[in-house]
Each structure stands twice: as C-alpha cells, then as structure tokens.
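Analysis of the macromolecular model
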Amino acid sequence: MIPFLLRIWRTLPLWVHFLAAKLVRPRFRAAVAALIFNEQGQVLLFKHTYRKFEWGIPAGGLEYREQPVDAIKREFFEEAGMQIQVEQLLTVVSAREDHHLGVIYLCKILSGEFKASHEISEMRYFPVDELPAMMLTTEKELIKWAVENRKTDKRR
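Every residue gets a number counted from 1 within its own chain, in the order that chain's sequence is written. At least 70 in pLDDT is required for a residue's local features to be given in this predicted model, at least 80 for side-chain atom pairs to be given and counted, and no such filter applies to totals for whole chains, interfaces and linings, which use all residues. Hydrogens and water molecules were not included; the side-chain quantities draw on all heavy atoms of the structure.

What to know about the overall build of the chain
Helix and strand content of the chain: four helices and seven strands. Going along the chain from the N terminus, every DSSP run of H or I of four or more residues is numbered as a helix, and every run of E of two or more is numbered as a strand. Shown N-terminal to C-terminal, the secondary structure of the chain runs as helices and strands in the order α-α-β-β-β-β-α-β-β-β-α. Its C-alpha atoms give the chain a radius of gyration of 15 Å, near enough to 15 Å, the size a compact globule of 156 residues would have. Judged by the C-alpha coordinates and their principal axes, the chain covers about 40 × 35 × 35 Å. Considering the chain as a whole, with its 156 residues, one finds that 37% of them fall into the buried category. Expressed as a percentage of contacts within the chain between residues at least 6 apart in sequence, the contacts between residues at least 24 apart total 66%. For the purpose of counting charges, residues Lys and Arg are taken to be positive, whereas Asp and Glu are taken to be negative. His and the chain ends are not included. To locate a charge, take atom NZ for lysine, CZ for arginine, CG for aspartate or CD for glutamate. Measuring between centres, the 23 positive side-chain charges of the chain sit 4 Å from its 20 negative side-chain charges. For this measure, only C-alpha atoms enter the radius of gyration; the expected value for a globule follows 2.2 Å times N^0.38, where N is the number of residues. When accessible area is computed with a 1.4 Å probe and restricted to protein chains, residues below 20% of their type maximum are described as buried, those above 50% as exposed, and intermediate ones as partly exposed. Residues count as neighbours in contact if any of their non-hydrogen atoms are within 4.5 Å of one another.

Structure representation (structure tokens):
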C-alpha cells in the first residue's frame, strides 16, 4: 500500500508538494545530508520513490532530541541498509523558501549491502559533471561546491 501511495504522491505537481510540506511540517525544519564520494571522485546519489526530482543526495529529517551525526547515520541505515561514518561537517545551509536548515556531512560507507526501501529504489555513483537531469538544482550546486572546496577546506 505504501509504495502505491508514494507513486501517486510523485505524480502530483511540485507546488502540491511544497503546499503539503508547509501545512504539515513544523515552522522550521532541520535535516541532515551525507555527501559520499568514491575513489574516482564520483558522488553517491539515491533514487527516491516519492520525489518529482527523483535523484538526490542521501538525507533525512532530524528527530526530536537527536544529534545531527546520529540522524544521518540512522537515516542512511533506514533508507539503504548500510552503515556510514561521518568524517567531517562540510556546511550548514538554510533555505528561505521552505524554512529549512540542512546540516551537510562528508561521510564514507563502512559496511552493508544496499537494500531498496519504500523511500529509495536505487543508489548509484555519478561523475560530478554528469549529474542526473531529474535532480534539484540546489543539490547539484551543493555537490559542485563541495568538490571545489573539499580540498581547500573552505566552509560555506
């Protein structure tokens, strides 16, 4: 039943997604995200079952009284069935459009095999200059910023 409802949700216009988020989410939402690169410098992306722009960086919401580092580890395990290690905080970004605060970490995979979930149907590494078309522009910009500044250790 849940996969069916998620497929229906995905067909709705993007403005419906934003309106629903504004109506049911808290006034200010906190989230965490993981940027993971392989030895070739490719970035790991998840294919979301419920999003209009289906490809995106691994991310999720922060639960009440949860530390951000614990949240990204939990979210990654829930969505992909894999253990990750947080290596460093990359940046914290805020979005005016949807009152959203995102804590972005550089991570690496420790163990496990990918298992599809209700939310994530696939995961794949992409070259940073060949990111999928069906991906939010803000996430593409974040990845490019991270690649450019990861070596110089600049903060956003």
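Picking up after the structure, the text goes on.
Examining the packing of aromatic side chains
Ring pairs are drawn from Phe, Tyr and Trp, using the six-membered ring of Trp, whenever the two centres fall within 6.5 Å, and their geometry is named by plane angle: stacked under 30 degrees, edge-to-face over 60, tilted for the rest. Tallied over the full model, the rule gives two aromatic pairs. For the ring pair Phe 46 and Phe 76, a centre distance of 5.2 Å and an interplane angle of 40 degrees mean the geometry is tilted. One end of the pair, Phe 46, is in strand S2 (residues 43–48); the other, Phe 76, is in helix H3 (residues 68–80), and 30 residues separate them in sequence. Note on Trp 55 and Phe 126: the rings are 5.0 Å apart at their centroids and 75 degrees apart in plane angle, and the pair reads as edge-to-face. Of the two residues, Trp 55 is situated in strand S3 (residues 55–56) and Phe 126 in strand S7 (residues 120–126); the sequence distance between them amounts to 71 residues. We classify Phe 126 as buried; its relative accessible area is 9%.

Let's talk about the sheet that holds S3
Reading across from one edge, S3-S2-S7 is the order of the three strands in this open sheet, with antiparallel pairing throughout. Looking along the sheet, the strands with just one partner apiece sit at the ends: S3 and S7. Sheet analysis places S2 next to S3, joined by two bridges and oriented antiparallel. Counted as the bridge partner of Lys 47 is Trp 55 from S3. At least two bridges found by DSSP between two strands is the condition for calling them paired.

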